[in-house]
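Fold and contact review
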Amino acid sequence: MTNLFRSLPSMDAVLDRLTARTPYDALPRPLVRQAAERFLDLVREEIRSGVHTDETALALEALFPRLTAFVAVHTRPHFRRVINATGVVVHTNLGRSLLAEAAVAAVAEAAGRYSNLEFDLKTGERGSRYAHVEDILKTLTGAEAALVVNNNAAAVLLVLDTLARGREVIVSRGQLVEIGGSFRIPEVMAKSGAILKEVGATNRTHRRDYENAITDQTAALLKVHTSNFRIIGFTKEVPLKELKEIGTRYNLPVIEDLGSGNLFDFAGLGLGQEPTVQRVVADGADVVSFSGDKVLGGPQAGIIVGKKAYIDRIKKNPLNRALRIDKMTLAALEATLRLYLDPAQAAVKVPTIALIAQAPETLRKKARRLAGVIARTGPGLLTATVRPGTSRVGGGAFPEQDLPTTLVAVTPANPDISAACLRERLLATDPPLVARIEDDTLCLDPRTLADDELTLAAKALAQALA
Ligand SMILES: *Cc1c(COP(=O)(O)O)cnc(C)c1O
């Protein structure tokens, strides 16, 4: 065994050999060294457990293919691209919305060049970073004023902190929801210093419930979009227009946390039930907040629109500075919003809308193409068949809406490989492929696959089953 250990190449020899060639020569040295150390540790462990008996197998040349594969895996960036075959368009764990081409270009320019981020080109003096998107948000939503912050959770916190700190905010019990990733309305409210005044029952809240709860301690009425949660059956909510009547009578602002606020009217695509931001503003909400990266299809941001008097106060809150939006986000947001000036253009160029809007026939063809590519790439390893299925919008938008799609169901030829095992192996491919399991079968949904990802998906399957 001592001889086996002795025949292992030295660390210096390993490093010299590795860094003499691409891509390892371009990688940070400490990363390569750490990976090589781990590899040698692994081989030593193998020697100890009797895996190796032959000295020649431990020569650098003999170990090299394994070494390079190991180093490639252990030196790559942690934050990576994945292939989303789940069919969930706004998948919070996979980065939510894909940006439109124009937004991607705007991000690159904002990132690599100086800009007028906080510089007024008319006066040559300090300007406001919010000015870049305020006018377009006013045009698109019909609101008097607008402000953008880091995300919608920050928007809700900032709005409540500004308008209701130390005072009461009335909310229906049916709307005290938790959104994925631990955003809970009661907890955000507590953090803002506003006092939650719950009214009504879980399933039914009436106008009189709000009116009876109003005291001189009341600061606002809050309506929360229940996002990925629905109460069905014997239910009642007070519509925004009625809340606004109450607000007007008692001189209280009506705030709406719209969650995934859409600027595009999805009713034309047969997706109903979700009011647009424009509708909510027109129905009288004084302050409305929503996410930039849910159905809107832009970057992570929290957008706040509403009456100028309230927005002005929110802008002046010192907390705003801590929640501020960065320049790359602003660039992406403005580019995305510009597409919405022409809704027909937005439908085609904003990926989130385009992915949701794909026709069943288009998806059927894409699924057949995908099944064909998979069968050709991994002959003998698997069978791929198409079957009808459903995709989801995600991001808490249109939660009850099934989007019809065609799935590609993949069955490994080896019966010992379960769907769960295959799903796990696919996560280790490069790039990783995220699929879903339905009826104990691994399924790929072509809705969230770009045309040039069909081959990548097929290669991932071949790699996972090889
Ligand atoms: C998603 C959501 C939030 C949080 O928005 P982020 O942009 O993820 O911070 C807040 N409220 C509602 C109703 C939501 O659906």
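Residue positions are given per chain, counted from 1 along the sequence in the order it is written. Per-residue local features of the predicted model are confined to residues with pLDDT of at least 70, and side-chain atom pairs are confined, for both listing and counting, to 80 or more; whole-chain, interface and lining totals are unaffected and use all residues. For the side-chain quantities, the full set of heavy atoms in the structure was used; hydrogens and water were omitted.

**Comments concerning the packing of helix α2 (residues 11–19) against helix α3 (residues 29–48)**
What counts here: Orientation is described by axes fitted as lines to C-alpha atoms, over the contacting stretch for helices, and by angles from 0 to 180 degrees between their N-to-C directions. Only DSSP runs of H or I covering at least 4 residues are called helices, and only runs of E covering at least 2 are called strands; the numbering of each starts at the N terminus. Roughly parallel means an angle under 35 degrees; roughly antiparallel, over 145; roughly perpendicular, 65 to 115; everything else is oblique. Should the near helix be turned anticlockwise from the far one by less than a right angle, the crossing is left-handed, and should it be turned clockwise, the crossing is right-handed. Contact definition: two residues touch when any of their heavy atoms are within 4.5 Å. Note on residue classes: Ala, Val, Leu, Ile, Met, Phe, Trp, Tyr, Cys and Pro are nonpolar, Asp, Glu, Lys and Arg are charged, and everything else, Gly too, is polar.
It is at 10 Å that the axes of α2 and α3 come closest, and there the two elements cross at 125°. The orientation of α2 relative to α3 falls into the category oblique. Here the hand of the crossing between α2 and α3 comes out right-handed. Across the interface between the two elements, M11, D12, V14, L15, L18 and T19 from α2 touch R29, V32, R33, A36, E37 and L40 from α3. Grouping the amino acids of the contact of α2 with α3 by side-chain chemistry returns 7 nonpolar, 1 polar and 4 charged.

**Section: the site of the ligand**
Inclusion rule: Any residue with a non-hydrogen atom lying within 4 Å of a molecule or strand is treated as near it. By the criterion applied in these results, polar contacts are pairs of N or O atoms within 3.5 Å in which, for protein atoms, one can donate a hydrogen and the other can accept it, and in which residues neighboring in sequence qualify only through two side-chain atoms. In these tables, accessible area is a Shrake-Rupley quantity obtained with a 1.4 Å probe, and a residue counts as shielded only by the protein chains included in the view.
In the vicinity of the ligand, the contacting residues are R96, N151, N152, A153, I179, F183, H225, S227, D257, G259, S291 and K294. A distance of 3.0 Å separates an oxygen atom of the ligand from a polar backbone atom of N152. Relative to its unbound accessible area of 380 Å², the ligand is 95% covered by the protein chains. Taken together, the elements giving at least two residues each to the shell around the ligand come down to α7 (152–164) and β11 (254–259). The residue makeup of the shell around the ligand, split by class, is 3 nonpolar, 6 polar and 3 charged.

**Let's talk about the sheet that holds strand β17 (residues 436–438)**
The condition is simple: A pair of strands is labelled paired if DSSP reports no fewer than 2 bridges between them.
Strands sit in the order β2-β14-β15-β18-β17 across an open sheet of 5 strands; the sheet is mixed. In this open sheet, the two strands that pair with only one neighbour each are β2 (88–90) and β17. Strand-to-strand twist of the sheet, defined as the mean angle between neighbouring strand axes without regard to direction, takes the value 45°. In the sheet, β17 pairs with strand β18 (residues 441–444) via 3 bridges, with the strands oriented antiparallel. Bridge pairing in β18 places I437 opposite L442. Sitting on the sheet, helix α18 (residues 419–426) touches β15 (403–412), β17 and β18, and the angle it makes with β18 is about 40°. The strands touched by helix α19 (residues 454–465) within the sheet are β14 (382–394), β15 and β18, with β18 carrying the most contacts at an inclination of about 155°.

**Some remarks on the pairing of β14**
Where β2 meets β14, 2 bridges bridge the pair, whose relative direction is parallel. Bridge assignment links V90 to a residue of β14, and that residue is G394. Examined bridge by bridge, β14 and β15 share 10 bridges and lie antiparallel to one another. In the sheet register, T390 faces β15, and the bridge partner there is P404.

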